[in-house]
Amino acid sequence: MNTNPFPTDPDRTQIWEMLVPRDIAAFIAADWQMVAGDFIAEGFCGLHAHGSRDPDDWTLAFPTLAAYRDEWLRQAAETAATAFAENPAAAIHRATNLSRIDIQGDMAIAHKKFDGTIRLASGQEDRLNWQTLYQCRRTGGRWRIVGFTGYMAHR
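My aim in this report is to walk through the structure given alongside it, one point at a time. Nothing here was measured: the structure is a model prediction, and the numbers come from that model.

Some details on the packing of aromatic side chains
At step 1: According to the stated counting rule, one finds 14 aromatic pairs in the structure shown.
At step 2: Here Phe27 and Trp72 contribute two aromatic rings whose centre-to-centre distance is 5.7 Å and whose plane-to-plane angle is 80°, an arrangement assigned as edge-to-face. Remark: Trp72 occurs in helix H2 (residues 65-80) and Phe27 occurs in helix H1 (residues 10-29); sequence separation between them is 45 residues. We note that Phe27, like Trp72, is buried.
At step 3: Put simply, the rings of Phe27, Trp32, Phe39, Phe44, Phe62, Tyr68, Trp72, Tyr134 and Phe148 touch in pairs and so form one group of aromatic residues.

Description of H1
Note on helix geometry: an α-helix contains 3.6 residues per turn, so any two residues three or four positions apart are oriented the same way.
At step 1: With 20 residues, H1 should cover 28 Å at 1.5 Å per step; its first-to-last C-alpha distance of 27 Å lies within 8% of that length.
At step 2: A bend of about 35° at Asp23 is the largest found in H1.
At step 3: Every buried residue of H1 is listed here: Thr13, Ile15, Trp16, Met18, Leu19, Val20, Asp23, Ile24, Ala26 and Phe27.
At step 4: On the buried face of H1, the contacting elements are H2, helix H3 (88-95), strand S3 (96-104), strand S4 (107-119), strand S5 (125-139) and strand S6 (142-153).
At step 5: Capping the start of H1, Asp9 holds a side-chain oxygen 3.1 Å from the backbone nitrogen of Asp11, two or three residues further along.

Comments concerning the layout of surface pockets
At step 1: Here the largest pocket is characterised by a volume of approximately 640 Å³.
At step 2: Residue lining of the largest pocket: 32 residues in total, with Phe27, Gln75, Thr79, Trp130 and Tyr151 positioned closest to the centre.
At step 3: For the lining of the largest pocket, the secondary-structure elements that each account for two or more residues are H1, H2, S4, S5 and S6.
At step 4: Ranked by residue count, the leading element in the lining of the largest pocket is H2, at 7 residues.
At step 5: Among the residues forming the lining of the largest pocket, the class breakdown is 19 nonpolar, 5 polar and 8 charged.

Details of the nonpolar core
At step 1: One finds Ile15 and Tyr68 to be the most contacted residues of the largest nonpolar core, which totals 35 residues.
At step 2: Sorting the residues of this core by element identifies H1, H2, H3, S3, S4, S5 and S6 as the ones contributing at least two each.
At step 3: Ranked by residue count, the leading element in this core is H1, at 8 residues.
At step 4: The contact partners of Tyr68, leaving out residues within four places of it in the chain, are Trp32, Phe39, Phe44, Phe62, Phe148 and Tyr151.

Parameters at a glance
Residues numbered from 1 in each chain as written. Predicted model: local features only at pLDDT ≥ 70, side-chain atom pairs only at ≥ 80, totals over all residues. Heavy atoms only, no water. Phe/Tyr/Trp six-rings, centres within 6.5 Å; stacked < 30°, edge-to-face > 60°. Helix = DSSP H or I, 4+ residues; strand = E, 2+ residues; numbered from the N terminus. Buried < 20%, exposed > 50% of the residue type's maximum accessible area, 1.4 Å probe, protein only. Expected span 1.5 Å × (residues − 1). Bend = angle between axes of the 7 residues up to and from the residue. Contact = heavy atoms within 4.5 Å. Polar contact = N/O pair within 3.5 Å; in protein donor to acceptor, adjacent residues only side chain to side chain. 1 Å grid on protein atoms, 1.4 Å probe; cavity = no way out; pocket = protein on both sides within 12 Å on 5 of 7 lines; lining within 4 Å. Points joined across faces, edges and corners; volume = space filled by probe spheres on them. Nonpolar A, V, L, I, M, F, W, Y, C, P; charged D, E, K, R; others polar. Core = buried A, V, L, I, M, F, W, Y, C linked by side-chain atoms within 4.5 Å.

This is the structure we're talking about:
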């Protein structure tokens, strides 16, 4: 989804811009510095659901922001080394849906879903099919990520 679904809501717009266009651009460029300021390192916690709906299968894979950064960079490098038959940024945008952001005070939960494919140069497709719940906090007038539960089953 390339279009901000919250054009009249400045808080949700800020979160959407952080988690969709900026995140995708940084990932495709494999440039962590583009998103580094979008996180709060102190107390950061990321859970990996491993594609499961069962919380007993989920793990504390990212107990620190540094652990998540390292995995993010590994995945970005793997993506950069992949031969695509289409623009991967456009395909990721097409597969991404962030149309629900719940806000209470200075805390928010953003429901980001991926459902689509990227055509590979080999003629195959890479399936994007998971969802992530981002926990965000507003500090100093800016929304930032404090943690997430990611790679959950979707559809």
